[in-house]
Amino acid sequence: MRQFIPVATPALLGNEKAYVMDCLASTWISSHGKYIERFESAFAEFCGVKHALSCCNGTVALHLALLALDVGPGDEVIVPTLTYVATANAVTYCGARPVFVDSEPETWNMNPALIEEKITPRTKGIIAVHLYGHPVDMDPILHFAHKHRLFVIEDAAEAHGAGYKGRRIGSIGDINIFSFFGNKIITTGEGGMVVTNDEGLANRVRQLKGQGMDPNRRYWFPIVGYNYRMTNVAAAIGVAQLEKADWHIARRREIAAEYHERLKDLPGITFQPEKSWAHSVHWMTSAVLNEQCRYSSTSVMRSLAEANIETRPFFCPMHKLPMYSDFAHGQRFPVADYLADRGFNLPSSATLGDDDISYICSQMTQILSQ
């Protein structure tokens, strides 16, 4: 039997071990230490922004961004329905209501043309999720935000290093977030980052993530805050990962290109498009079985699992989840439903070898040609 091929594993091929061992030797292993400052400074430069603030995961980063923007009870925030649940959950943590928007067929991201009809007097902002590493079409979103005086958050948890019309993702919205979970392009094991050019928002996030302590008076807490800090050990891994960021990004694009080339003549399968204005980083090589295919994504994933190949389904749209279904009562999201029903992610680790991709593609061809 072929050795198991996971859908995603971290690529720890640089100075990760050396920097972690340095942390252990110094005993600086909690939320203070030189690697936190190094990671934040390097990541701000990577994104082309003035401020980067580390935290313990991507969901927390979203929560901090929303809190910094004073989102609270009675507010509404527009989000895509096809996203990871953290996007909607973070809005709910604030006591606000997520308002869902369908996907567009061209990028699979939130459809900008459907946003304005969702805006109400309670709408406070928009979260644009760069799904599976492909940028959202940001210009129309920024237009509506400016027109209606709304904030824009980029949820770039899956899009480290992606580009939109020559701009680095994470530098476009008012305040933006990244995740460094173990399967992400850049990882710290668990971790997140809030990035912004707004000094006031940065100071607000910095205070909120450190229990609300006054920056000028130790152990004085004028607001309720959170213990949302990253550890120095996690930051050390992040510094090492950023040193090889160009390689990580290029490798994901190479893997996607290999899949596209080897499976391009296979009927019934469509890959996430890449628009001319976008530089996708292909966090996951994502495929949809179109109408020409007589197999379901579930059956194909099951067959691949029998061949020792792990896959994963697309995210379940938010409007189908029990806690959010009432928010979308009577509304239709046909594109998101189509993608979620037919989509799945192939193994996409940067450490995949050519023989791994060849084996996966041969199994895909065999399954879909039966």
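Note: the structure precedes this text.
J.: Help me out: how do you make sense of the nonpolar core in this one?
T.: It is characteristic of soluble globular proteins that their nonpolar side chains tend to be buried jointly. Grouped together as the largest cluster of nonpolar side chains are 101 residues, with contacts concentrated most on Phe 39, Phe 43, Leu 66, Ile 127, Ile 153 and Ile 175. In contact with Ile 175, other than residues within four places in its own chain, are Ala 65, Ala 68, Leu 69, Val 152, Ile 153, Glu 154, Val 194, Val 195, Thr 196, Leu 201 and Val 205. Residues Ile 269, Phe 271, Ala 287 and Leu 346 belong to the second largest nonpolar core, which totals 25 residues.

J.: Before we go on, may I ask you to explain helix α4 (residues 86–93) in this structure?
T.: Side chains of residues three or four places apart in an α-helix project in the same direction, reflecting 3.6 residues per turn. Burial within α4 is extensive, with six of its eight residues counted as buried. Of the residues making up α4, those classed as buried are Ala 86, Thr 87, Ala 88, Asn 89, Ala 90 and Val 91. Turning to α4, the residues buried within the fold contact α3 (58–68), β2 (76–80), β3 (97–101), β4 (123–129) and β5 (151–155). Where α4 ends, the next residue or the one after it, Gly 95, has phi of about 85 degrees, a positive value.

J.: For this particular structure, what's the right way to read the sheet that holds strand β10 (residues 269–271)?
T.: Picture the strands of a sheet paired through backbone hydrogen bonds; they go either parallel or antiparallel. The sheet built from four strands is open, its strands ordered β10-β12-β14-β13 with antiparallel pairing. Two strands lie at the open edges of the sheet, namely β10 and β13 (312–313), each paired on one side alone. In this sheet, strand β14 (residues 343–346) lies alongside β13 in antiparallel orientation, the contact comprising two bridges. Looking at β14, one finds that Arg 312 is bridged to Asn 345. This element, helix α9 (residues 297–306), spans β12 (285–289), β13 and β14 of the sheet and lies at about 25 degrees to β14.

J.: Explain the pairing of β14 here, please?
T.: Put simply, side chains in a regular strand alternate between the two faces of the sheet. Covered by surrounding structure in β14 are Gly 343 and Asn 345 together with Phe 344 and Leu 346, the residues of both alternating faces. Of the pairings in the sheet, the one linking β12 to β14 comprises four bridges and is antiparallel in character. Each bridged residue has a counterpart across the sheet, and for Ala 287 the counterpart in β14 is Phe 344.

J.: Whenever I open this one, the packing of helix α2 (residues 34–47) against helix α7 (residues 232–243) confuses me. Can you help?
T.: Each pair of packed helices gets described by two things: the angle between the helix axes and the distance between those axes. Between α2 and α7, the shortest axis-to-axis distance is 8 Å and the interhelical angle comes to 40 degrees. Here α2 runs over α7; the crossing is left-handed. Along the contact surface, α2 presents Lys 34, Tyr 35, Ile 36, Arg 38, Phe 39, Ala 42, Phe 43 and Phe 46, while α7 presents Asn 232, Ala 235, Ala 236, Gly 238, Val 239, Leu 242 and Glu 243. Split into classes, the residues belonging to the contact of α2 with α7 amount to ten nonpolar, two polar and three charged.

J.: What is the right way to read the state of the cysteines from this model?
T.: What makes a disulfide is a covalent bond joining the sulfur atoms belonging to two cysteines. One pass over the full model with this rule turns up zero disulfides. No disulfide involves Cys 94; its nearest neighbouring cysteine sulfur is the one of Cys 55, lying 14 Å away. Accessibility expressed as a relative area gives 8% for Cys 94, which makes it buried.

J.: So what exactly am I meant to see when it comes to the side chain of Asp 155 here?
T.: Along the chain, the position of Asp 155 falls in strand β5. Engagement of the side chain of Asp 155 in a polar contact is seen with the side chain of Thr 87, the distance being 3.0 Å.

J.: Looking at this structure, I do not really get the side chain of Thr 188. What am I missing?
T.: As for its placement among the helices and strands, Thr 188 is situated in the loop between β8 (175–179) and β9 (192–196). A relative accessible area of 4% means that Thr 188 is categorised as buried. Among the polar contacts listed, one links the side chain of Thr 188 to the backbone oxygen of Glu 190, at a separation of 2.7 Å. Once you skip the residues sitting within four places of it in the chain, Thr 188 turns out to touch Phe 39, Phe 180, Met 230, Ala 234, Ile 237 and Gly 238.

Rules and cut-offs
Residues numbered from 1 in each chain as written. Predicted model: local features only at pLDDT ≥ 70, side-chain atom pairs only at ≥ 80, totals over all residues. Heavy atoms only, no water. Core = buried A, V, L, I, M, F, W, Y, C linked by side-chain atoms within 4.5 Å. Buried < 20%, exposed > 50% of the residue type's maximum accessible area, 1.4 Å probe, protein only. Contact = heavy atoms within 4.5 Å. Helix = DSSP H or I, 4+ residues; strand = E, 2+ residues; numbered from the N terminus. Pairing = 2+ DSSP bridges. Axes fitted to C-alpha atoms, helices over the stretch in contact; angles between N-to-C directions. Left-handed = near helix turned anticlockwise from the far one by under 90°. Nonpolar A, V, L, I, M, F, W, Y, C, P; charged D, E, K, R; others polar. Disulfide = S-S within 2.5 Å. Polar contact = N/O pair within 3.5 Å; in protein donor to acceptor, adjacent residues only side chain to side chain.

Read these as geometric descriptors, not functional statements.
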